[in-house]
Amino acid sequence: MLKFGMIGVGKICQGCHLPAYDKINDVEIVALCDINEERLKEVGKKYPNARLYSDYKEMINKEELDAVDICTPNNIHSQAAIYALDKGLHVMCEKPDAVSVSEAEKMKAAAEKSGKTLMVMRNNRYRPSTKFLKQYIAEGKMGKIYAGRCGWIRRRGIPGWGGWFTDKAQAGGGPLIDLGVHIIDLSMYLMGNAKPVTVSGCTYLKFPHTSYSKIDVEDLAMGFIRFDNGACLQIEFSWASNIPGDQMFVELRGTKAGSRMSGIDRKFEIFTEECGVNTYLKPDIDDYNCPPHHEQNIRHFIDVINGKAEPDFTPEQGLNMVKILEALYKSAELGHEIEL
């Protein structure tokens, strides 16, 4: 039985992480930690055998844990992960991996030194459509993937306005670091996880007038990523834009076929040519009536710990992601392309 401690028991923990562990037989939640005492006590009622802590270091030092799951504000991710890894624990962490390249490098180094598993949530990799397309690409049916477009854009959807989501010191950024991690990773995963070499980006904050609450992060980010294999990826992420409606999409262009996955209108299409005729394929796949994707990601994490699977996420991939994010913000600030 693997003994887990939860660090941060807010919405994402209660809605996605804890329900997953509840379904896994060989995991026991033995400790919960949160700086919000009222929330901690409320969640603790559902886990009467778990000890409650307000300091994750105290929890790690006092409990005999095998692993921790980190669901704190972004700026705590790397600190808690490094401390847990240094103490010999496996780590599952919510995205983003870290809020700076230096912190992501420390996380990677701590994981390598400890020999323990460090995995950061990449739940979109576990969608049935993703699994299908990953295999379709692996079988060579799309040819060489040389370009892509991806985005998650909202007409109005700034989360937790006035809380840590809109506070740069805690969040590290706005929709780029919040939504971008999901969709950039999904695109890169399908494209073969090539190494990013340059990025160019622009960020904007144009909607602070709609509320008196604090917001010092962008509400729109757009950019362009080049990879060492010659491929490129165009990106767009927003919490608030004057657009017809919300969109979430990944488009890939290959020499034999292209594809478009659209998460909001639930469309998944492949564009190819058969017998000299343009052909549209619509795989009969339902991404929503299946086990939750967070749960599948966490089950994979458990399988890796137990030696039943090789990790499909590596700290190197996480480091590359943070390099992209940091360089996009730097590019937006300086007004030119940044080499990684």
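Structure: above.
Below is a short write-up of the structure. Predicted model only: the values in this text are computed from it and were never measured.

### Concerning the environment of Tyr136
Examined against the element boundaries, Tyr136 turns out to sit in helix 6 (residues 128-138). Judged by relative accessible area, which is 11%, Tyr136 ranks as buried. Placed 146 residues apart in sequence, Tyr136 and Lys282 show a C-alpha to C-alpha distance of 13 Å. The contacts of Tyr136, once residues within four sequence positions are left out, are Lys141, Met142, Ile270 and Leu281.

### Some details on the packing of helix 1 (residues 11-22) against helix 10 (residues 293-305)
Across the interface, helix 1 lies against helix 10 with an axial gap of 9 Å and an inter-helix angle of 50°. By the criterion of interaxial angle, the relationship of helix 1 to helix 10 is oblique. Seen from above, helix 1 lies across helix 10 with right-handed handedness. Judged by residue contacts, Ile12, Cys16, His17, Ala20 and Tyr21 of helix 1 engage His294, Glu295, Ile298 and Ile302 from helix 10. In the contact of helix 1 with helix 10, the residues fall into 6 nonpolar, 2 polar and 1 charged.

### Here's the deal with the packing of helix 5 (residues 101-114) against helix 11 (residues 315-334)
Relative placement of two packed helices is described by the angle separating their axes and the distance separating the axes. For the pair helix 5 and helix 11, interaxial distance at closest approach is 9 Å and the crossing angle is 175°. Here helix 5 lies roughly antiparallel to helix 11, going by the angle between them. Taken together, the residues of helix 11 that come into contact with helix 5 (itself represented by Val101, Ala104, Glu105, Lys108 and Ala111) are Pro315, Glu316, Leu319, Val322, Lys323 and Glu326. Across the contact of helix 5 with helix 11, the residue classes break down as 6 nonpolar, no polar and 5 charged.

### Concerning the sheet that holds strand 14 (residues 277-281)
With mixed pairing, the 9 strands of this open sheet are ordered in space as 14-13-12-11-7-10-9-8-15. In this open sheet, the two strands that pair with only one neighbour each are strand 14 and strand 15 (338-339). Pairing analysis gives 8 bridges linking strand 7 (residues 145-153) to strand 11 (residues 247-254), with the strands arranged antiparallel. Its bridge partner lying in strand 11, Cys150 is registered against Val250. In the packing of helix 6 onto the sheet, the strands contacted are strand 7, strand 11, strand 12 (258-262), strand 13 (267-274) and strand 14, and the crossing angle to strand 13 comes to about 20°. Docked against the sheet, helix 11 engages strand 8 (196-204), strand 9 (220-227), strand 10 (232-238) and strand 15, running at close to 50° with respect to strand 8.

### Some points on the pattern of salt bridges
If you walk through the whole model with that rule in mind, you get 20 salt bridges. The partner of Arg39 in a salt bridge is Asp34, with the nearest N and O atoms 3.0 Å apart. According to the relative accessible area criterion, Arg39 is partly exposed, its value standing at 33%. Residue Lys95 is joined to Asp178 by a salt bridge in which the shortest nitrogen-to-oxygen separation is 2.8 Å. Separated by 83 residues along the polypeptide, Lys95 in the loop between strand 5 (90-93) and helix 5 and Asp178 in helix 8 (residues 175-178) bring together distant segments of the chain. Overall, Asp178 belongs to the buried group, its relative accessible area being 10%. By sharing partners, the salt bridges in this structure join Asp97, Arg122, Arg125 and Asp185 into a single network.

Calculation criteria
- Residues numbered from 1 in each chain as written.
- Predicted model: local features only at pLDDT ≥ 70, side-chain atom pairs only at ≥ 80, totals over all residues.
- Heavy atoms only, no water.
- Helix = DSSP H or I, 4+ residues; strand = E, 2+ residues; numbered from the N terminus.
- Buried < 20%, exposed > 50% of the residue type's maximum accessible area, 1.4 Å probe, protein only.
- Contact = heavy atoms within 4.5 Å.
- Axes fitted to C-alpha atoms, helices over the stretch in contact; angles between N-to-C directions.
- Parallel < 35°, antiparallel > 145°, perpendicular 65-115°, else oblique.
- Left-handed = near helix turned anticlockwise from the far one by under 90°.
- Nonpolar A, V, L, I, M, F, W, Y, C, P; charged D, E, K, R; others polar.
- Pairing = 2+ DSSP bridges.
- Salt bridge = Lys/Arg side-chain N within 4 Å of Asp/Glu carboxyl O.

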